[in-house]
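# A closer look at the structure
Okay, here's what each chain looks like letter by letter:
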Amino acid sequence: MQAVRFMGVGQAPHIEDVPQPSPAPGQVLVKIGGAGVCHSDLHIMEEDLGFTPPFTLGHENAGWVAALGQGVTRVKEGDPVAVYGPWGCGHCHACQLSMENYCENWAQMGGFGGGLGFDGGMADYMLVPSARLLVPLGALPPAKAAPLSDAALTPYHAIKRALPQLHGDSTVVVLGLGGLGHMAVQLMRVLAPVRIVAADVDDTKLAQAKGLGADHVVNNRNGAEAAEQIRTITGPRGASLVLDCVGVQPTLDLGAQLLGRNSVWTVVGLGGGHHDFHHGSTPYGTSMSIPYWGSRVELMEVIAMARDHRIHAETSEFPLDQAAAVYKKLKAGQITGRAVLIPHGGITEASGS
Ligand SMILES: [Zn+2]
Ligand SMILES: [Zn+2]
C-alpha cells in the first residue's frame, strides 16, 4: 500500500510502497478515509524532536474498521471511526481517566501515537493498537472527521481548562487561525458567552474567522499596532484567555501584552517562542500553560458536536500522493482551514479500494 513516510530530519516526506499491516490480537486495522495535514509534522521534519525514522506520518485520522485482531469485540468491520491520536498505556491513573494525552508511562511507550513515532494514517490502512482508541463517527464522513481528532480536540481541551475564568463579559483572544485556530473560534462560540478577538497575519484567514463567529478580527503583521487595537477592544480588564495556536516569538510577545489580571495564557502552537515567566512578567493571577492534545472522552464530545453541526472543519481534500506539495503549501501559509489527504486514489467511500 502507499504511505507518506518520515525519512529523517531535514528530508522531504517520501511516498513509498509498504506492506499492508494485519492486526495482531487486540489490534484493529482501519481503512483510512482521510488524514489531516498538521503543522506539527513540519516541526517533526525540520527539527529534531526525538522521533526515530522511518514511520508513516499522519496523526489526524479517520476511516472505517477494516479488520479485527483476535479478541476485539467493541467494533465491527465497516464501522466509521475516528482514531484517538495520543496513545497511552491504557491503564495508568491518567489513562483510566481517558486522558491518555497525559499518560504517566509515556516515556516507555516508544512513541506518542500513530504518525508520531508509530505508523500513522497517511496511508491506505493504519494499525491501531486497541479498539479503545476508536471513536464511532455515525453519519460524519471520515474525511471531515479526521482533522477534528487534533485540530478541534487540542483547542477544545485547552478552552475547557480555561472555562472557570470565562464569563459573560470576558474577552478571549485567539492567535493564529490555521487548522487549530479556525476550530478554536467555533469552539469558543459554542462553549462560552465571551467576546472573541481573532488575530492572524493573513486576511483570508481573518475573513474566514469572522464567518465562523469571531466578533473582532485583527491583522497582527505589525505586533505593536495589533496590541493597541486589541487593547482598545478589551479595555483595562484585558483578555481573560489568550489562546496562542502558533507559539512563535511574535505571538508570545503579543499575547504577553494582552493579558488581564487573573487570566489564562495557553500556548498550543509549537512555534518555539520563549517567555520569561517571573514575578512582574505577567499580570497577577495569570496562569500560563502548555496543554497537550485532549482526552478520549473529549474526542467523543468533539465528534458529537460536529455530528450535531455545531462545529465543522473547513477542509480542502488532496489525493495522498500530493502530500509533499501539500506540506509545501502549508508551510507557505497557503492552506485555509485544514488540508486532508485522501488515500485509495482520492475516493472517500467505504467501498473504494
Ligand atoms: Zn497536529
Ligand atoms: Zn497511561
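Attention here is on the structure that accompanies the text. None of these values were measured; they are calculated from a predicted model.

## Notes on the coordination of the zinc ion (ligand 2)
Protein coordination at the zinc ion (ligand 2) comes from Cys 89 (SG), Cys 92 (SG), Cys 95 (SG) and Cys 103 (SG), with a distance range of 2.3 to 2.4 Å. One can describe the site at the zinc ion (ligand 2) as tetrahedral: its four donor atoms subtend angles covering 104 to 118° at the metal. When the donors of the zinc ion (ligand 2) are listed by position in the chain, the intervening gaps give C-x2-C-x2-C-x7-C. Accessibility assignment for this pair places Cys 89 and Cys 92 in one class, buried.

## Re the pattern of salt bridges
Close approach of charged atoms lets side chains of opposite charge pair. According to the stated counting rule, one finds 11 salt bridges in the structure shown. The shortest N-O distance in the salt bridge between Asp 119 and Arg 5 comes to 3.1 Å. Here Asp 119 is found in the loop between strand E8 (117-118) and strand E9 (125-128), whereas its partner Arg 5 is found in strand E1 (residues 2-6), with 114 residues between them in sequence. Take Asp 119: its relative accessible area is 42%, and that puts it in the partly exposed class. For Arg 5, a relative accessible area of 10% corresponds to the buried category. The partner of Arg 338 in a salt bridge is Glu 60, with the nearest N and O atoms 2.6 Å apart. In this pair, Arg 338 sits in strand E18 (residues 338-342) while Glu 60 sits in the loop between strand E4 (55-56) and strand E5 (61-68), placing the two residues 278 residues apart along the sequence.

What counts and how
Along each chain, residues carry numbers from 1 onward, in the same order as the chain's sequence is written. Think of it this way: whatever chain is written first is A, whatever ligand is written first is 1, and the rest follow in order. This being a predicted model, a pLDDT of at least 70 is required before a residue's local features are given, and a value of 80 or more before pairs of side-chain atoms are given or counted; all residues contribute to the totals for chains, interfaces and linings. To obtain the side-chain values, all non-hydrogen atoms of the structure were included, while hydrogens and water were left out. Distances decide who is a donor: an N, O or S atom must be within 2.8 Å of the metal, or within 3.2 Å for Na, K and Ca. Water is not included, so sites may look incomplete. Between 85 and 135 degrees for all angles marks four donors as tetrahedral; over 155 degrees for opposite donors together with 65 to 115 for all other angles marks four donors as square planar and six as octahedral; every other arrangement is irregular. Only protein chains enter the accessibility calculation, which uses a 1.4 Å probe. A residue is then buried if its area is under 20% of the maximum for its type, exposed if over 50%, and partly exposed in between. Throughout this description, the term salt bridge denotes a Lys or Arg side-chain nitrogen within 4 Å of a carboxyl oxygen of Asp or Glu. Put simply, DSSP marks the helices as runs of H or I at least four residues long and the strands as runs of E at least two long, and each gets a number from the N terminus on.

Shape is all these values report; function is a separate question.
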